Amino acid sequence: MKFMKLGSKPDSFKTDSNNVRYVAAELATDIIVNVGDVKFYLHKFPLLSKSARLQKLVTEETNDEVHISEMPGGPAAFEICAKFCYGMTVTLNAYNVVAARCAAEYLEMHETVDKGNLIYKIEVFLSSSIFCSWKDSIIVLQTTKSLIPWCEELKVVSRCIDSIASKASIDTSRVEWSYTYNRKKLPSENRTDPQWNGVVTKPPSVPKDWWVEDLSELELEFYKRVIVTIRNKGKTQGDVIGEALKAYALRRLPGFSKGVIQGGDTIKNRSLVDTIIWLLPKEKGSVSCSFLLKLLKVATQLDCGENAKRELIKRIGLKLDEASVNDLLIPAPAGEAMMYDVDAVQSILAEFVMQEQNSIDSDLNDEVLEIRSPRFISEASKLIVVKLVDGYLAEIARDHHLPFSKFVNLAEMVSSFSRPTHDGLYRAIDMFLKEHPGLSKSDRKRICRLMDCKKLSVDACAHAVQNERLPLRVVVQVLFFEQVRASTSPTGGATSDLPGNLRALLPRENGSHGSSRSTTTNTEEDWDSVPTTEELRALKGELATLRLGGRNLKNEDDANSVERAAVSKVKGILKSKKLFSKLFSTKGTRDENSSSDTSDSPAGSSAHPEESKSTPSRSRRRSVS
């Protein structure tokens with residue numbers, strides 16, 4: 001720390017009590033100066049020779065007692081000025097120089113009163129020492145808080161800020177002063193580098209963000225002005241400023257690392273978050289998506305303004321592919337029944353999807369524009385976001401207060417993005433069905449339309465076949481697609497051998513589920529209802545049989561034989577459960593259905609000839625929800 005000594009005489013100020021200060025001298029004191037609640041017994045000559053204000057006050061008073069109630073810096077600052085007038089030794093440093101400067105200004109200790117007066121000497125000390133020191137400039141800036149507006153009028157604040165900003169903007173190779181840097185060091189810095197042989201050849205390089213922790217000690221208003229000045233100088237990269245804002249949030253907001261503010265002044269914390277959002281650099285990649293989402297979490301908790309939250313949502317949407325599921329779990333505002341703020345995530349996702357729409361609307365022939373445009377979304381980013389949404393849906397599905405419409409709308413927002421697998425979406429749907437057992441049949445049918453059974457893995461299919469929460473229509477679709485996968489023939493050839501009524505239950509090429517052409521309304525409801533445990537157990541057994549048969553195929557004829565046998569077995573299961581009869585109960589199509597039975601499963605037709613002669617029963621299967 002820099003310091004300056006003034007005067008050479010010994011300090012002869014004494015204390016008589018807590019509120020009385022006097023000078024021990026042979027001559028009796030002839031003036032009393034009241035500064036606040038402290039009385040100073042002093043001599044006129046040394047004081048009046050250097051202070052124009054004291055000269056005026058003495059002439060105005062008749063009893064040699066002066067009252068000063070507005071002394072900046074209080075009694076301590078006045079004592080420094082008085083000692084300087086006596087020529088006593090005074091030590092100025094970063095902690096008291098500002099108060100002494102303001103007090104000297106109040107007492108009008110200018111050069112016009114006496115050559116080499118206190119104001120001149122303090123200005124020299126500030127310019128030649130304080131503002132040349134990194135840490136002293138920060139300390140001085142902190143001390144100006146209690147001396148506003150004096151420090152503003154004397155431009156002490158602006159000069160401190162400019163000094164700090166200039167040093168923070170300097171090239172790191174020219175940094176020669178001490179600074180605080182407690183972040184994780186590089187291997188070469190902490191001597192854990194395998195190539196380090198114990199000989200230090202050169203000092204470690206200065207990191208780009210060497211200054212961020214020191215500035216975290218500043219009050220918000222000063223910090224804001226320093227960051228703005230640094231940014232205006234244009235020599236500091238946006239990612240460094242973003243790192244500084246992150247360090248300041250971690251330092252000033254307890255619990256910010258977890259996205260939850262723990263205690264503190266709500267109004268003060270809200271102002272701090274609003275300021276950080278306002279200071280966020282515009283450069284792409286200057287702040288991480290995780291940091292932005294933490295800001296959004298605390299902004300929601302502190303009930304910050306809609307403009308601030310909207311700005312965060314827009315920024316997060318531009319880099320949603322960098323987020324994690326845990327980052328997106330934003331607690332819902334106080335008073336809401338839901339656990340998480342799904343509306344905020346939906347707005348973020350809308351911003352991301354909007355980039356895709358904008359890239360489609362732009363001139364795709366201009367390759368340079370497409371590459372440089374921040375609106376362009378790569379297929380890899382889409383895939384990451386799809387997986388992210390699937391994981392998020394699985395988490396929020398656990399909330400039994402989550403409305404059905406919010407779940408479906410969020411899933412449909414990324415329906416245009418291709419998924420190589422639908423396992424994640426299936427997991428989310430299954431979780432939602434588990435936590436919402438009272439869901440209607442139509443809602444179950446709609447939510448299951450979100451996934452494509454053809455894109456489920458073997459493990460997911462095995463789980464779906466025995467899942468009591470899925471409509472029977474979906475279970476049968478999964479079973480048939482698993483049979484198709486187990487065989488060696490193309491998918492189209494396998495499904496084309498199925499009866500028309502069963503084939504209609506499978507999804508079309510565009511991913512939507514078809515409806516049975518020849519079934520009645522009652523049959524459609526049965527297919528959309530929840531299967532019984534016995535039905536699922538039978539279907540599960542058929543799935544194992546189909547897998548085993550698919551592994552031992554040697555040629556295409558064998559594969560087709562297995563497919564036909566599998567279809568026949570599934571028909572038998574459905575017959576035993578009185579479901580197959582409902583599929584073939586429509587008038588005018590009885591012959592067509594019988595012919596399909598004969599062609600697909602001869603053995604099955606001969607074993608049950610009465611099925612082709614009589615109309616099956618229409619009794620409904622009990623639905624287990």
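Residues numbered from 1 in each chain as written. Predicted model: local features only at pLDDT ≥ 70, side-chain atom pairs only at ≥ 80, totals over all residues. Heavy atoms only, no water.

Identification of the chain as NPH3 domain-containing protein from Papaver somniferum is taken from an unreviewed UniProt entry. Taken directly from UniProt, the Sequence similarities (unreviewed entry) text for the chain runs: "Belongs to the NPH3 family." (UniProt positions renumbered as here; feature names shortened; annotations may be inferred.)

Student: Quick rundown of the overall build of the chain? Include the residues and the values.
Tutor: Counting secondary structure elements, the chain contains 31 helices and seven strands. For the chain, the proportion of contacts with a sequence separation of at least 24, taken over those separated by at least 6, is 73%. For the chain, the exposed area adds up to about 30800 Å²; of that, 50% sits on carbon and sulfur atoms. (Helix = DSSP H or I, 4+ residues; strand = E, 2+ residues; numbered from the N terminus. Contact = heavy atoms within 4.5 Å. Areas by Shrake-Rupley, 256 points an atom, 1.4 Å probe, with all protein chains shown as cover.)

Student: Quick one: what's the story with the sheet that holds strand β6 (residues 65-68), residue by residue and with numbers?
Tutor: Pairing in this open sheet of five strands is mixed, and the strands run β2-β3-β5-β4-β6 from one edge to the other. With one partner strand each, in any of the chains shown, β2 (13-17) and β6 form the two edges of the open sheet. Across the sheet, the mean angle separating the axes of adjacent strands is 20 degrees when strand polarity is ignored. In this structure, strand β4 (residues 31-35) lies alongside β6, joined through four bridges in parallel fashion. Looking at β6, one finds that Val 33 is bridged to Val 66. (Pairing = 2+ DSSP bridges. Axes fitted to C-alpha atoms, helices over the stretch in contact; angles between N-to-C directions.)

Student: Tell me about the pattern of salt bridges, residues and numbers included.
Tutor: This model, assessed by the stated rule, comprises 25 salt bridges. Residue Asp 11 is joined to Lys 83 by a salt bridge in which the shortest nitrogen-to-oxygen separation is 2.8 Å. Of this pair, Asp 11 sits in the loop between β1 (3-6) and β2 while Lys 83 sits in helix α3 (residues 74-86); the two residues are 72 residues apart in sequence, bridging distant segments of the chain. Using a relative accessible area of 40% as the deciding quantity, one classes Asp 11 as partly exposed. Close ionic contact of Lys 145 with Glu 219 constitutes a salt bridge, the shortest N to O distance being 3.8 Å. Pair noted here: Lys 145 is in the loop between α6 (134-143) and α7 (150-153) and Glu 219 is in the loop between α9 (212-215) and α10 (220-233), with a separation of 74 residues, a long-range link. (Salt bridge = Lys/Arg side-chain N within 4 Å of Asp/Glu carboxyl O. Buried < 20%, exposed > 50% of the residue type's maximum accessible area, 1.4 Å probe, protein only.)

Student: Residues and numbers for the packing of helix α19 (residues 404-412) against helix α21 (residues 441-448), please.
Tutor: Two numbers describe how α19 lies on α21: the axes approach to 11 Å, and their chain directions differ by 20 degrees. What the angle tells us is that α19 and α21 run roughly parallel. In the packing of α19 onto α21, the handedness of the crossing is left-handed. Contacts between α19 and α21 involve Phe 404, Phe 407, Val 408, Asn 409 and Glu 412 from the former and Asp 443, Arg 446 and Ile 447 from the latter. In terms of residue class, the contact of α19 with α21 is built from four nonpolar, one polar and three charged. (Parallel < 35°, antiparallel > 145°, perpendicular 65-115°, else oblique. Left-handed = near helix turned anticlockwise from the far one by under 90°. Nonpolar A, V, L, I, M, F, W, Y, C, P; charged D, E, K, R; others polar.)

Student: Could you give an account of the pairing of β2, naming the residues involved and the relevant values?
Tutor: With four bridges joining them, β2 and strand β3 (residues 20-23) adopt antiparallel strand pairing. Bridged to Lys 14 within β3 is Tyr 22. Once β2 ends, the chain turns through two residues before running back antiparallel as β3.

Student: If you had to explain the packing of aromatic side chains to someone new, which residues and values would you point to?
Tutor: Counted according to the given criterion, the structure contains 11 aromatic pairs. A ring pair is formed by Tyr 179 and Trp 210, whose centres lie 5.3 Å apart and whose planes are at 55 degrees; its orientation type is tilted. Linking Tyr 179 in the loop between α8 (156-168) and α9 with Trp 210 in the loop between α8 and α9, this pair joins segments that are 31 residues apart in sequence. You can call Tyr 179 partly exposed: its relative accessible area is 26%. (Phe/Tyr/Trp six-rings, centres within 6.5 Å; stacked < 30°, edge-to-face > 60°.)

Student: Tell me what's going on with the side chain of Ser 216, and back it up with residues and numbers.
Tutor: Structurally, Ser 216 can be placed in the loop between α9 and α10. Judged by relative accessible area, which is 3%, Ser 216 ranks as buried. At 3.0 Å, the side chain of Ser 216 and the backbone oxygen of Val 212 are in polar contact. Contact partners of Ser 216, with chain neighbours within four places excluded, come to Ala 247, Tyr 248, Arg 251 and Arg 252. (Polar contact = N/O pair within 3.5 Å; in protein donor to acceptor, adjacent residues only side chain to side chain.)

Student: Just give me the short version of unusual backbone geometry, but keep the residues and values in it.
Tutor: The amide bond that connects Ile 148 to the next residue, Pro 149, takes the cis arrangement and shows omega of 10 degrees. By the secondary structure assignment, Pro 149 is in the loop between α6 and α7. Positioned with a positive phi, Glu 108 is a non-glycine residue whose angle comes to about 60 degrees. Here Glu 108 lies in the loop between α4 (97-106) and α5 (118-128). The class of Glu 108 is buried, set by a relative accessible area of 19%.

Student: An account of the state of the cysteines is needed here, citing residue identities and associated values.
Tutor: A covalent bond bridging the sulfur atoms of two cysteines is what the word disulfide describes. Summed over the entire model, instances satisfying the criterion amount to zero disulfides. Here Cys 85 stays free of any disulfide, with the sulfur of Cys 81 as its closest cysteine sulfur at 7.0 Å. The buried category is assigned to Cys 85, whose relative accessible area is 10%. There is no disulfide at Cys 160, and the cysteine sulfur nearest it, in Cys 151, is 8.1 Å away. Cys 160 sits in the buried class, given a relative accessible area of 0%. (Disulfide = S-S within 2.5 Å.)

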